[in-house]
Amino acid sequence: MPELNLTSAPAHIRHGSNIGQPLTRRDGVLKVTGQATYAADNHLPGMLFAVIAVSSIAHGRVVSLDVTAAKRHPGVVDVMTPDHKPQLAIDPEIKTNPFVFRMEALQSNEVRYANQPIAVVIAETLEAATEGAVLLAPRYESLPPLVGLDAGESFVPPVVGVGNPTENHLGDVEAGLASAEKQIDATYETPPQYHNAMEPHAIVVQWDGDRLSVDMPTQGLVLSLARIAELFGIAHDKIHIRSPFLGGGFGSKGLMGGPPVLGIMAAKLVGRPIKLVLRREQMYGPVGHRAPTRQRLRIGADGEGRLTALDHHARTVSSTFDDFYEPAADASHTLYAAPAIRTSHDAVRVNTGTPLFMRAPGEATGSIALESAIDEMAWACGMDPLAFRLKNYAEVEPISGKPFSSKALRACYEQGAARFGWAKRSLQARQMRDDAGLLVGWGMGTATFPALMFQAEARAAIRRDGTGVMEIGAHDMGQGAWTALAQIAADAVGLDIDRVTFKAGTSDLPDAGIAGGSAHTATAGAAIHSAGAAVIAKLADLATGDERSPLFGAGNAGVIARDGRLIRRDDESRGESYAEILARAGVAEVEARGTGAPNPAAMEEYAMHAHGAVFAEVKVDPELGQIRVSRMVGAFAAGRIVNPRMVQSQLFGGMIWGMSFALHEEAITDRRTGRIMNANLGEYHVPVNADVPPLDVITVDEHDPHVNALGIKGVGEIGITGSAGAVANAVWHATGVRVRRFPIRIEDLLTQS
Amino acid sequence: MKQFDYVRPATVAEAVAAAVQPGAAYLAAGTNLLDLMKGGVSRPDRLVDVTHLDGLDAIETLADGSLRIGALVSNADLAHDPVFARSYPAVAEALLSGASAQLRNAATVGGNLLQRTRCAYFYDTASRCNKREAGSGCDARDGENRGHAVLGWSDSCIATHPSDFCVPLVALDAVVEIEGKSGRREIALDELHCLPGNSPERESALEPGDIVVAVRLPPAARGFAAHARYLKVRDRTSYAFAVVSAAAALRIENGKVAEARIALGGVAAKPWRVRAAEDVLRGVAPTADAFQEAAWRALTDAKPSGDNAFKIELARRIVMRALTLAAAGTPARLPALPASPFAATSGAIHA
Ligand SMILES: Cc1cc2nc3c(=O)[nH]c(=O)nc-3n(C[C@H](O)[C@H](O)[C@H](O)COP(=O)(O)OP(=O)(O)OC[C@H]3O[C@@H](n4cnc5c(N)ncnc54)[C@H](O)[C@@H]3O)c2cc1C
Ligand code: SF4
């Protein structure tokens, strides 16, 4: 267990509850002083360095590796290849559950994508291992690779995303389109994108007999642990994983991928601790990405701008050896009240690493297409894009007919539009200029993301000194779990945050589920909340059952926990401290466990989503076509806000990512070889500071009694949705050019001047 | 990483002696070279570190009014030198539009001149590249080549030279001082970089052992200070190479263009001076029509080398705009977003 000295700034001394306070990050000082230990910062005595050699072809077979040359290089200790490796307990090709993805653990000579691991060189130094990998000089038998959205035969996958139906129907779409006064039929394309977390995937691993100690960033401690256990045939309790900090994950560190498994194998092979860190370019293959899509939207509207039909079809890709299908069309299920909706998907297989969840998987890709199409439709109807969206506001979830558990989207539209000054927008495109003569455009998009819950468990304790402990194997990916979950923990046990020892980030703690689906705060928070309630109930039992206590006879329902004391609900002057209760009872501590889980009954009855409205202003040089976002306002309703500061950062990050989606991000794939030609942060563009304008985030009050006990919806991913479309729509409004292939590029806008 | 010798010569003569051997490379700040080494693109046997050589880090005005910039002056120090920025504003603007603040703090004048192309196939050792390995072929030719050359390319190589700094320098007739095994010589910057022809592996006029010791701007270069701009169109607001860029410098006398200088960046294997376009402007009033004519003339020889026809039209528009901006006069202060189309409206956000 790493020693973490979490602090909170004294400037935020609070009165009353912890939830809702804008605490600064409790791990902030550790991070800015370089004391936060990320996986690759660990250095063990006797440790060797492992470097992965990756395939330069996308399809074929490795026919030779010059292991002799690599081993001759000074410092190289061993070279792990398909012919020389420790045996795994099960074939990594076997999918033992739906959250297991196939990985490359040197099980064969086959090459299925470019940048696939084909060998591991182990050496005394990083430099020697790196050179050893070069000296392997692999030779291949190459086969033609499948590349792009038109590769091979298309097929309809059995499911998309995580078990979503491939197709959904409501009403008669063709009839709706036929009866429509206005119709649009537009096709949008989104490129492959890579997570590109700042922190590369890394593992530091040590075997001690059959015990395994691992430092590795993961968004799913227990899932990773289970995968390691089955791959290496060891019991769960023999494995200890530490993941106190992640330098971003975005979905790429959710499930166990091949590279860390190779690190564990290497350590077994040489019997020494190993450090294995991916190079940036090696992250473009074995650790997931967002698949490209081509989406066709056909929309009909009547004479008053009311939707008559919405047909959203998405083509995507998966790898040749596993299945993950970006559920892009599902974005059309929840937002707009069309009487007829059809969503469908098909796919082709290409020689790529298997695509995976990437921040707002499906929602992000689907949203930019849907929001663009809605904008096109509004224009076709001669309506303001906000008025059009309001006209088609969904009072119940369109695809299911279920009422929303809560939906403050109308307030988001109103507050966002007011802050932005949307009312002054010209209906027509290419009407606005700034003082410097640049074209100015305003666009908007609706944001939405499901409010999900997974399963989690937490353990709470109250100690004799009156302090509390909350334990949960939760994950801080930079989103602020160390802070926000500790706030929930403090309220759960009725203590100030500095009196609660909050433990997270290791696999020996109770399972917090996965930090994904924007559900971590809600899920882990619910577990913490219930563990806290349970431990307080035990404490209350001690007190109310003891005639020496001023709380004697108050009964469980009759006490409340506040500031380290239990007090009578009916008479707040009567109470006693936790320490007094435990001292009298003669116990060192009381402890209890609690769980967080989705509520199937509520899910059956309600549609649960967070919502938002994003407004963007762009400037475009009228002759040169260069684009810059100059202003963005996002108003979001996401249930209870645990920490407004963290939430604002999440929403800022999402909005910037949305802008990035519309204008920058793209993995450029060579159409002949399937190799990615810009696998570095110099050329794979994300926005830099100069691209990011003043951002304005409004969180709209929303009380949701159904999503979970705390009323929390997620905020991790929603910021991308809506934002990407808002920027794209603003580019149209600035220029009059509708670009349907993303990211929008300079040459797309050079047609006019 | 491949093992290599590292030598740190004390004098230029020692440096030349150390670098003349096959497999040697000069190391300046390493912002380009070390990346190339890590990727296995350059595999030198010996690095000759020039950063400790004396006397190469000065900016001096010579008796004849020319300015001499030592090869080790950092990109940032040069751009922020007040006299330099006032006298050669387009050069300062170009420098500050390049890379990032961190890179500019490290990168040297010599290294900037001799930085290698950013062609992705050159960087990708699994691809065929005539420049990296003579005679192996050019995978960019039918590949992802949106950013490649539209001028001066050949079938063996369509790469561009990525430097911003070089573009206004070549417009201002900069001269490069070189020390080699047979002593000191100087050549026009315009002669430093080679067009690919049939031997794209030969990138510059430097011979083995040749070290750039300084860059000189002739006295006449100051004459353009009142009307000189650099304009760089890129895929994001900062920290991106030029899609296309242009330097425009005018000497305006009595309402007429006495002399014009125009060069393009991101379009060819060298900074592309367009003398024919300059000639169009000599002696005429600085009007939109004249600029339009010059812009057309500047691109008459251009042809796409792939998916990049748009760069030709873009280059025309950039020349037109750069001339217009130059005619309007050099701004009193360098914009917060140097060389950006958004320079005029950038507010407080710096590149
Ligand atoms: C992410 C990124 C973005 C960038 N963006 C831009 C940009 O937008 N615009 C731009 O113009 N540049 C850009 N650059 C390139 C940058 O300007 C160069 O890397 C830098 O100028 C090189 O200088 P250096 O001192 O680091 O050279 P080094 O990397 O040390 O050397 C570069 C080359 O020059 C040779 N060399 C160095 N000094 C001498 C000398 N005195 N005599 C002879 N040969 C010598 C070396 O042998 C080597 O071949 C970018 C670089 C990076 C990494
Ligand atoms: S364009 Fe030039 S640098 Fe690029 S691959 Fe071809 S030969 Fe190499």
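Located above this text is the structure these notes cover.
These numbers were taken from a predicted model, which means no experiment stands behind them.

### Some points on the nonpolar core
All names here are of chain A.
Piece 1. Core analysis: the biggest nonpolar cluster contains 86 residues, and I299, V618, M632, L663, V727 and I744 have the highest contact counts within it.
Piece 2. Once you skip the residues sitting within four places of it in the chain, V618 turns out to touch L439, V440, G441, I627, R628, V629, S630, V727, A730, V731 and A734.
Piece 3. Among the nonpolar cores identified, the runner-up in size contains 52 residues, and A504, A512, L551 and V590 belong to it.

### Some details on the site of ligand 2
Residues and elements named next belong to chain B.
Piece 1. Near ligand 2 lie 13 residues; those nearest to it are C119, C129, C138, C157 and I158.
Piece 2. In this structure the site holding ligand 2 corresponds to the second largest cavity.
Piece 3. Within the shell around ligand 2, the residues separate by chemical class into nine nonpolar, two polar and two charged.

### What about the site of ligand 1?
All names here are of chain B.
Piece 1. Contacts to ligand 1 come from 30 residues, most closely from Y26, G30, T31, T108 and D164.
Piece 2. A distance of 2.7 Å is found between an oxygen atom of ligand 1 and a side-chain nitrogen or oxygen belonging to T31.
Piece 3. Taking N112, its main chain carries an N or O atom lying 3.4 Å from an oxygen atom of ligand 1.
Piece 4. Burial of ligand 1 by the protein chains amounts to 93% of its free accessible area of 970 Å².
Piece 5. Residue assignment for the shell around ligand 1 shows that the elements contributing at least two residues are β2 (24-27), α7 (109-113) and β8 (211-217).
Piece 6. Here the shell around ligand 1 takes three residues from α7, the largest share from any one element.

### Some thoughts on the interface of chain A and chain B
Piece 1. Across the contact, 42 residues belong to chain A and 44 residues belong to chain B.
Piece 2. When chain A packs against chain B, the two sides together hide about 3500 Å² of surface, and 53% of this comes from carbon and sulfur.
Piece 3. When the area that chain A buries against chain B is broken down by residue, the three leading residues are L624, Q626 and R628 of chain A, summing to 20%.
Piece 4. For the pair chain A and chain B, the number of links is seven salt bridges.
Piece 5. Linking chain A with chain B are 17 residue pairs in polar contact (both at pLDDT 80 or more), by the criterion used here.
Piece 6. Listed by contribution, the elements that provide at least two residues to the side of chain A that touches chain B are α3 (126-135), β27 (609-620) and β28 (627-637) of chain A.
Piece 7. A total of four residues in the side of chain A that touches chain B trace back to one element, the largest contributor, which is α3 of chain A.
Piece 8. Looking at the side of chain A that touches chain B residue by residue, the class counts come to 15 nonpolar, eleven polar and 16 charged.

### With respect to the packing of helix α11 (residues 520-544) of chain A against helix α12 (residues 578-585) of chain A
Residues and elements named next belong to chain A.
Piece 1. Two elements in contact, α11 and α12, have axes separated by 10 Å at closest approach and are oriented at 60°. If you check the angle between α11 and α12, you find them oblique. For the pair α11 and α12, the sense of crossing is left-handed. Taking contact as the criterion, the partners of I536, L539, L542 and A543 in α11 are, on α12, Y578, I581, L582 and A585.
Piece 2. Classifying every residue of the contact of α11 with α12 gives eight nonpolar, no polar and no charged.

What counts as what
All residue numbers refer to position in the chain's written sequence, counted from 1. The order in which chains are written sets their letters, starting at A; the order in which ligands are written sets their numbers, starting at 1. pLDDT decides what is reported in this predicted model: residues at 70 or higher carry local features, side-chain atom pairs at 80 or more are listed and counted, and totals for whole chains, interfaces and linings draw on all residues regardless. Side-chain numbers come from the whole structure's heavy atoms, not from hydrogens or water. Residues enter a nonpolar core if they are buried and are Ala, Val, Leu, Ile, Met, Phe, Trp, Tyr or Cys, with the set joined through side-chain atoms within 4.5 Å. Only protein chains enter the area calculation, which uses a 1.4 Å probe; residues under 20% of their type maximum are buried, those over 50% are exposed, and those in between are partly exposed. Here, residues are in contact when the closest pair of their heavy atoms is within 4.5 Å. It suffices for a single heavy atom of a residue to lie within 4 Å of a molecule or strand for the residue to be listed as near it. Cavity: a set of points on a 1 Å grid over the protein atoms alone where a 1.4 Å probe fits but cannot get out. Pocket: an open set with protein on both sides within 12 Å along at least five of seven lines, its lining residues, like those of a cavity, having an atom within 4 Å of a point. The way we define it, a molecule is inside a pocket or cavity when more than half of its atoms are within 2 Å of that pocket's grid points. Charged residues are taken to be Asp, Glu, Lys and Arg, nonpolar residues to be Ala, Val, Leu, Ile, Met, Phe, Trp, Tyr, Cys and Pro, and polar residues to be all remaining types, Gly included. What qualifies as a polar contact is a pair of N or O atoms within 3.5 Å, subject to a donor-acceptor requirement within protein and to the restriction that residues adjacent in sequence count only when both atoms come from side chains. Computed by Shrake-Rupley with a 1.4 Å probe, the accessible areas treat only the displayed protein chains as cover when residues are assessed. Helix and strand labels come from DSSP, where a helix needs a run of H or I of at least four residues and a strand needs a run of E of at least two; each type is numbered from the N terminus. Here the quantity called buried area is the total loss of accessible area, with a 1.4 Å probe, experienced by two parts when brought into contact, counted for both. By definition, a salt bridge exists where a carboxyl oxygen of Asp or Glu is found within 4 Å of a side-chain nitrogen of Lys or Arg. A fitted line through C-alpha atoms serves as each axis, taken over the contacting stretch for helices, and the angle formed by two N-to-C directions is quoted from 0 to 180°. Angle categories: roughly parallel below 35 degrees, roughly antiparallel above 145, roughly perpendicular from 65 to 115, and oblique for all the rest. It is the rotation of the near helix from the far one that decides the hand of a crossing: anticlockwise by less than a right angle makes it left-handed, clockwise makes it right-handed.

These values are about where atoms sit, not about what they do.
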